Amino acid sequence: NVRDCNSNMRDEINQTIDEFVDEIDDIQRELEDVNYELEKANERVVELEDELQELYERVKELENGN
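Residues numbered from 1 in each chain as written. Predicted model: local features only at pLDDT ≥ 70, side-chain atom pairs only at ≥ 80, totals over all residues. Heavy atoms only, no water.

**What to know about the overall build of the protein**
- Looking only at helices and strands, the protein has 1 helix and 0 strands in total.
- In terms of overall size, the protein is more extended than a compact globule, its C-alpha atoms giving a radius of gyration of 28 Å where 66 residues would be expected to give roughly 11 Å.
- When the 66 residues of the protein are sorted by exposure, 0% land in the buried category.
- Positive and negative charge centroids in the protein, built from 7 and 23 side chains respectively, lie 1 Å apart. (Helix = DSSP H or I, 4+ residues; strand = E, 2+ residues; numbered from the N terminus. Rg over C-alpha atoms; globule rule 2.2 N^0.38 Å. Buried < 20%, exposed > 50% of the residue type's maximum accessible area, 1.4 Å probe, protein only. Lys, Arg positive; Asp, Glu negative; His and termini not counted. Charge placed at Lys NZ, Arg CZ, Asp CG, Glu CD.)

**Observations regarding helix α1 (residues 2-63)**
- When the terminal C-alpha atoms of α1 are compared, their 89 Å separation across 62 residues agrees well with the 92 Å that a helix rising 1.5 Å per residue should span.
- Gly-65 sits one or two residues past α1 and shows a positive phi near 80°. (Expected span 1.5 Å × (residues − 1).)

Structure, rendered in structure tokens:
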């Protein structure tokens, strides 16, 4: 009876570990997706900052009559 109990406990522990590993894998994939989106958003921010700088310089030129 004790052996059966120990075996059942090991099975439960292994199942729990497998579930945690699956959950960790899912979270890692989600994190990779979020990091990718963050990288793309940062790239877009840089593009917009460059565009803003160009517009600012153009406004200055227009103000100076060029």
